[in-house]
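Coordinate inspection notes
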Amino acid sequence: MRVALFGPYMFELAVGLRENPANDVRLFLDQETLPRSLRSEAMLDDPDFVEIGPWGSGRSILRPSVSAIASRMADYDLALVTELGPVFARHSGIPYVFIPSGWDLTCGPFPIRSRSSRRRGIGDLSAMVVAARMRAGIRAAAGLWGAPFAPFATAADRLGRPLTHNLPQPVDTDLFSPQRDPERLCHESEAPDRIVIFHPSRMMMSEDRFLVETGQCKRNQVLFEGMADAVAAGADVGLRLLRRASSPDEDEAVRRLEALGLTEHVEWLDAGRPEGFTWAELADLYRSADLVADEFGGWFGLVAIEGAACGRPVLNHVEPDTMKAIYPDGHPFLQASSAAEVAEAIRMIGDVDHRRRLGVASRQWVLRHHDRSVVARWAEVTLSEMGLVR
């Protein structure tokens with residue numbers, strides 16, 4: 001299979017597909033939007049695997065039919081694309097599948113609905129151009145692979161292009177893995193029986209209708225309020241949060257934590273460099289916790305998968321019917337949609353044996369469903385069933 005992939009969200013899938021020697025895999029990354037956290041990855045230096053270039057320039061978006069990236073994609077049999085990928089893949093002359101990362105399905109194709117997320121003026125004009133090309137590219141895709149939670153399903157229906165398959169998010173389970181000791185490593189200043197919660201999600205607490213519908217509202221306040229209840233009940237709990245430029249409600253989080261009397265229980269972590277924490281550093285942070293708190297908006301992302309891969313229990317709130325449809329054999333995530341349920345989950349995690357069992361089950365679940373090799377083999381089978389692989 002000769003396959004082109006476009007966008008940083010495709011990195012782990014590309015690595016998994018490359019493990020099969022029968023595949024000729026090329027990953028295209030735009031140099032202007034390359035995530036800083038990915039830049040330290042050694043595989044980006046392999047010219048036989050990755051091509052980094054100015055693929056998403058304004059000129060390419062205005063005239064995608066003559067863009068360099070559309071021409072390069074044409075050298076392959078099919079493409080798996082995310083972000084602006086559908087804009088160019090539509091003009092490559094090869095079949096392609098769109099695998100949304102988030103904004104590229106929920107916001108990008110809808111410039112009017114997403115106006116509140118950008119500045120007025122020239123940005124509106126640019127958004128209109130991008131949206132028109134995104135809509136055309138998504139509708140022309142041979143498949144749309146995304147988790148059928150409300151934000152994706154609603155956006156896909158608005159486009160008249162329903163989701164066709166769910167591609168599990170792949171993760172490197174060698175990097176994100178437990179240490180030999182199933183218990184976390186305690187800092188010298190920590191009490192050994194303190195429950196440490198790691199919550200690396202962005203601070204986005206506003207329940208603005210647009211943010212809720214597009215899956216951007218994290219409802220971090222549910223975690224804070226539940227932790228306050230647990231502390232009031234006598235639990236010794238510490239919370240680790242990340243300082244990050246992409247957290248619009250960070251100041252609000254500080255105020256809420258202070259109002260709840262939790263300031264002394266919270267540690268804000270800063271990588272000290274613009275690119276933020278490396279994947280290896282994040283894996284260490286997951287392993288240093290007793291509980292990983294994901295988000296509470298009804299769906300889950302990489303935080304939940306990476307935390308579970310590290311053998312840590314994960315707390316979040318996911319839509320139960322959708323999860324049952326995706327994972328009929330169940331999932332290991334602790335569920336909480338209210339402060340009382342968060343406090344109860346913290347109480348349960350205080351039982352060391354229960355915590356260990358849940359951590360092991362979480363790791364095994366990720367290995368079955370989200371290991372990048374497993375996901376890559378699923379993609380190969382699905383593409384063959386769709387008739388896209390010769």
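Look a little higher up for the structure.
A brief look at the structure comes next.

What counts and how
Residues numbered from 1 in each chain as written. Predicted model: local features only at pLDDT ≥ 70, side-chain atom pairs only at ≥ 80, totals over all residues. Heavy atoms only, no water. Helix = DSSP H or I, 4+ residues; strand = E, 2+ residues; numbered from the N terminus. Rg over C-alpha atoms; globule rule 2.2 N^0.38 Å. Buried < 20%, exposed > 50% of the residue type's maximum accessible area, 1.4 Å probe, protein only. Contact = heavy atoms within 4.5 Å. Areas by Shrake-Rupley, 256 points an atom, 1.4 Å probe, with all protein chains shown as cover. Lys, Arg positive; Asp, Glu negative; His and termini not counted. Charge placed at Lys NZ, Arg CZ, Asp CG, Glu CD. Pairing = 2+ DSSP bridges. Right-handed = clockwise from strand over helix to strand, strands pointing away.

Let us now look at the overall build of the protein chain. Secondary structure assignment for the protein chain yields 16 helices and 12 strands. Against the compact-globule benchmark of 21 Å for 390 residues, the protein chain has a radius of gyration of 21 Å, which places it among compact chains. Here the protein chain, with 390 residues, has 54% of them falling under the buried criterion. At a minimum sequence separation of 6, the contacts of the protein chain that also span at least 24 residues come to 62%. Accessible surface, the protein chain: about 17,200 Å² in total, of which carbon and sulfur atoms supply 51%. Here the protein chain carries 44 positive and 54 negative side-chain charges, and the mean point of each set is 7 Å from the other.

Mapped onto the fold, Pro328 is located in the loop between helix H13 (320-326) and strand S12 (334-335). On the basis of relative accessibility, which here comes to 70%, the residue Pro328 falls in the exposed class. Sequence separation between Pro328 and Ala339 is 11 residues, and the spatial gap between their C-alpha atoms is 28 Å.

Moving on, we get to the pairing of strand S8 (residues 237-242). Within S8, six of the six residues are buried, which leaves it mostly tucked inside the rest of the structure. In this sheet, S8 lies alongside strand S7 (residues 195-199) in parallel orientation, the contact comprising five bridges. By the bridge assignment for S8, Phe198 is matched with Arg240. In this structure, S8 lies alongside strand S9 (residues 266-269), joined through four bridges in parallel fashion. Each residue of the ladder has a partner; that of Arg240, found in S9, is Glu267. The handedness of the S8 to S9 crossover, carried by helix H10 (residues 250-259), is right-handed.

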